[in-house]
Amino acid sequence: MNQMRYIITRPCLQEGSLRLLKYLDGTFPESGPAQFVGDRGREYTVQVDRAAGRVWGLRDLYHDGNLGVNDVLMITHLAPGRYQVEAIVKPHPAPLPSSRTASEPTPEARRVVVTATPHVREVRLEQPRPQPGAAETPTTVRATVTPAAETRPPLIPVQAAPTPLVPVVPDSQRPASPRPEAQAAAPIPTRLEDQLAELSRLTGYRLTFPAPGVARLAAELGAHGYTVQLALNGDALRTPAWREGADYAALITTEAEHPQNLHRLTREALAALIEHARLAPLSPIDLRGYWKAGNLDLASAASISELVGAHLAQRGAFSFVLLTLASQPAHSIVSAARLAERLGSGVNTAELHSILDTLTRAPFLALTPLPGGQYLLRGEVRDLLADLAEYADGVRRRLRQPAQAATPTPTPV
């Protein structure tokens, strides 16, 4: 059985829905009612609306699993109108201990990863501990995302974060960040030529049309460059320009068409590639192996979604480390070993050391390396992010200035 991976976005949580991305077309072939079977065996009645491009009725499923932005649904088609849905909860940061005054607000409950398997993580909704001398006893609410759980503990709603690139944290600790899901939600062009133009813009190909019905994608990357020739229809296969001077060639078809002895790119996969490229960077280097394999369809697009998920996970790990460092005061010592304990399974050791090393260099300059795996935190993380935003804004304003006449044209290196 084919298992499809779906990354939850903020609009999904707000509407209790999921988007019918192109690579999910074969999973939800018809509009109408359907049943989702959750991790714990509970069934959820949903409504597949292909015209609107949505599956509605997932609000209870999201709530029962305490799911948030950037968490993942693994969807398996069991039978017509019936689907198994497994939730994968991404780790979210627990706070470092810090002193609080009586005037400060009580921190919100947050999700903490307790155990993890390759597919399922157990998370805990942990209430903040009371101040010394307080009368109340701290409480902990558990939400375990495992198929074996038969009873459902009390659940506390988790506020959705504004972007899939940053773990869910209280607003007081969340830095300003872009909203990639807004870009990803833009409609995909309907004309084939416009779709190819959008893919080229996002991934870095140069698009030309050397002959009627023939499109050429050129990756102008020197020794790493290559070209792809695409026949927009069957008639283009008979033109002299077909395959001329191209490293790879394919016919654009629908998912249902399987031409004999021809490589293909399906319209559905093309739309899925555009959606993936809007979420995370994709380059001609990433896609070369798929052109070489010769059958770029929805199955290939689902594989590319794993690559996109890895990009998002790397950004999420970087944010996770920054947000955890934000709980530590400025001009204090950071121990890599202690930080790793706080991060738990959210960031592995190699990732952590790479991130810390990056934070010691420009333009961050947030940490000063010290002997024994320690670092000096040079300032408040909030101030660091503000300085970076000002720096980026200044560079962006300079890029918007018109080029000077005396400025020579840059030569590709």
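Just so it is clear, the model here is predicted, and its values are computed rather than measured. (Residues numbered from 1 in each chain as written. Predicted model: local features only at pLDDT ≥ 70, side-chain atom pairs only at ≥ 80, totals over all residues. Heavy atoms only, no water.)

Notes on helix α7 (residues 298-325)
- Taking 1.5 Å of rise per residue, 28 residues should cover 40 Å, and α7 covers 40 Å from first to last C-alpha, within 8% of that figure.
- Put simply, D297 is the residue that caps the front of α7, since its side-chain oxygen is 3.2 Å from the backbone nitrogen of A299. (Helix = DSSP H or I, 4+ residues; strand = E, 2+ residues; numbered from the N terminus. Expected span 1.5 Å × (residues − 1). Polar contact = N/O pair within 3.5 Å; in protein donor to acceptor, adjacent residues only side chain to side chain.)

Some points on the packing of helix α8 (residues 336-343) against helix α9 (residues 349-359)
- Taken N-terminus to C-terminus, the directions of α8 and α9 make an angle of 120°; their axes are 11 Å apart at the nearest point. Comparing the axis directions of α8 and α9 gives the class oblique. In the crossing of α8 with α9, the sense of the turn from one axis to the other is right-handed. Counted together, A336, L339, A340 and L343 of α8 and L352, H353 and L356 of α9 form the full contact between these two elements. (Axes fitted to C-alpha atoms, helices over the stretch in contact; angles between N-to-C directions. Parallel < 35°, antiparallel > 145°, perpendicular 65-115°, else oblique. Left-handed = near helix turned anticlockwise from the far one by under 90°. Contact = heavy atoms within 4.5 Å.)

Quick look at the environment of P281
- The residue P281 is located in the loop between α5 (267-279) and α6 (284-293) in this model.
- In sequence terms P281 and T203 are 78 residues apart; their C-alpha atoms lie 7.3 Å from each other.
- Residues in contact with P281, not counting those within four places in the same chain, are D286, H311 and R315.

Considering the sheet that holds strand β1 (residues 3-7)
- The strand order across the open sheet built from seven strands is β1-β6-β7-β3-β4-β5-β2, with neighbouring strands paired in mixed fashion. Either end of the sheet is taken by a strand with one partner, and the two such strands are β1 and β2 (17-19). Strand after strand, the sheet turns through a mean of 30° between neighbouring axes, direction not considered. (Pairing = 2+ DSSP bridges.)

Notes on the sheet that holds strand β17 (residues 332-335)
- Reading across the sheet, the three strands line up as β17-β19-β18 and stay open at both edges, with antiparallel pairing between neighbours. Pairing within the sheet leaves two strands with one partner each, and these edge strands are β17 and β18 (367-370). Each adjacent strand pair in this sheet contributes to an overall mean axis angle of 30°, direction not counted.
- As paired strands, β17 and strand β19 (residues 374-377) are joined by four bridges and run antiparallel to one another. Looking across to β19, one finds that S332 is bridged to L377.

Points about the environment of N295
- Relative to the assigned elements, N295 resides in strand β16 (residues 295-296).
- Using a relative accessible area of 34% as the deciding quantity, one classes N295 as partly exposed.
- With near-sequence residues (within four places) excluded, N295 lies in contact with R264, Y290 and S300.
- Here R264 takes part through its side chain, which lies 2.6 Å from a polar atom of the side chain of N295. (Buried < 20%, exposed > 50% of the residue type's maximum accessible area, 1.4 Å probe, protein only.)

Quick word on the pairing of β1
- Burial of β1 is extensive: four of the five residues sit out of reach of the surface.
- Both β1 and strand β6 (residues 72-79) contribute to a ladder of five bridges, which runs antiparallel. From the neighbouring strand, Q3 faces β6, where its bridge partner is T76.

Structural notes on unusual backbone geometry
- Between A362 and the following residue, P363, the backbone shows a cis peptide bond with an omega angle of 5°.
- Mapped onto the elements of the fold, P363 is located in the loop between α9 and β18.
- You will see that R243, though not glycine, has its phi angle at about 70°, which is positive.
- Residue placement: R243 occurs in the loop between β13 (226-231) and β14 (248-253).
- Even without a glycine there, the phi angle at L365 is positive, about 50°.
- Take L365: it is sitting in the loop between α9 and β18.

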